[in-house]
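Breakdown of the fold
Now for the letters of each chain:
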Amino acid sequence: MSRIAIVYFSKSDVTGQLAKAIALGAKQEHGITVLEHKIEGREILEGRFENEELFKALKLCDAIIFGSPTYMGSVSAQFKAFADASSEHWQSQEWADKVSAGFTSGTGLNGDQSSTLQYMATLASQHGMLWVNIDASYGTDSSTLNRLGCQLGVVSQTTNSVAHEVDLATAKHLGRRVAKLTLRLN
């Protein structure tokens, strides 16, 4: 069995909806188990994310998919606290060669969501991980995968706390893509 973790923060639950769609896509592949972890405020003590059990579980995973809403052009403070805490595992390169990917949501059509994904890709790179992108071009209307045209990861846009159905389909597609590549590499 290959293990995929999805670690994310969500306030309005759009990012949570994307996480669930990614998990559904990953589970379509035989031999995949999924660990979903929503970052909670109670895990952040004096600005530092603390959950050693999660880090132990992540060490055993074959892939980690990161998720955060885009706030002010980057990841949320809650996700950043998790990322900063991962530095304690960086020196030993515990996540090296794991598959990685990312997803984000925002209210603007161009709310700098790509900056959030770039941050996540940099985080993955620092850990020696292998970044997986979206292998779907975008169409000329909002009914095809990757409707917003971001190749780096899943981007969702909404103003009403409900993820767009195409963004959810794109998230499911990314989950399945990560699962296939994880199985191939393992």
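Residues numbered from 1 in each chain as written. Predicted model: local features only at pLDDT ≥ 70, side-chain atom pairs only at ≥ 80, totals over all residues. Heavy atoms only, no water.

1. Overview of the overall build of the protein chain
For the protein chain, the helix and strand inventory stands at 5 helices and 8 strands. Each helix and strand of the protein chain, ordered N terminal to C terminal, gives the series β-α-β-β-β-α-β-α-β-α-β-β-α. Relative to its length of 186 residues, the protein chain is compact, with a C-alpha radius of gyration of 15 Å against a globular reference of 16 Å. The C-alpha extent of the protein chain, read off along each of the three principal axes, is 45 × 40 × 25 Å. When burial is assessed residue by residue, the protein chain has 47% of its 186 residues classed as buried. Considering only contacts within the protein chain whose residues lie at least 6 apart along the sequence, 75% involve residues at least 24 apart. Surface exposure of the protein chain reaches about 8900 Å², of which carbon and sulfur atoms provide 49%. With 17 positive and 19 negative side-chain charges, the protein chain shows a separation of 5 Å between the mean positions of the two kinds. (Helix = DSSP H or I, 4+ residues; strand = E, 2+ residues; numbered from the N terminus. Rg over C-alpha atoms; globule rule 2.2 N^0.38 Å. Buried < 20%, exposed > 50% of the residue type's maximum accessible area, 1.4 Å probe, protein only. Contact = heavy atoms within 4.5 Å. Areas by Shrake-Rupley, 256 points an atom, 1.4 Å probe, with all protein chains shown as cover. Lys, Arg positive; Asp, Glu negative; His and termini not counted. Charge placed at Lys NZ, Arg CZ, Asp CG, Glu CD.)

2. So, the pattern of salt bridges
Tallied over the entire structure, the rule returns 7 salt bridges. Between Arg 176 and Glu 29 there is a salt bridge, with the nearest N and O atoms lying 2.6 Å from each other. Linking Arg 176 in helix α5 (residues 165-185) with Glu 29 in the loop between α1 (14-27) and β2 (32-38), this pair joins segments that are 147 residues apart in sequence. On the basis of relative accessible area, Arg 176 is assigned to the partly exposed category, the value being 34%. Put simply, Arg 147 and Asp 167 hold a salt bridge, and the shortest N to O gap is 2.8 Å. Of this pair, Arg 147 sits in the loop between β7 (130-131) and β8 (154-157) while Asp 167 sits in helix α5; the two residues are 20 residues apart in sequence, bridging distant segments of the chain. For Arg 147, a relative accessible area of 14% corresponds to the buried category. Residue Asp 167 is classed as buried on the basis of its relative accessible area, which comes to 1%. (Salt bridge = Lys/Arg side-chain N within 4 Å of Asp/Glu carboxyl O.)

3. What to know about unusual backbone geometry
With phi around 55 degrees, Met 72 is a residue other than glycine that occupies positive phi space. Relative to the helices and strands, Met 72 resides in the loop between β5 (63-69) and α3 (77-85). Assessed through its relative accessible area of 87%, Met 72 is described here as exposed. Despite not being glycine, Asn 146 shows a phi value in the positive range, around 55 degrees. By the element assignment, Asn 146 lies in the loop between β7 and β8.

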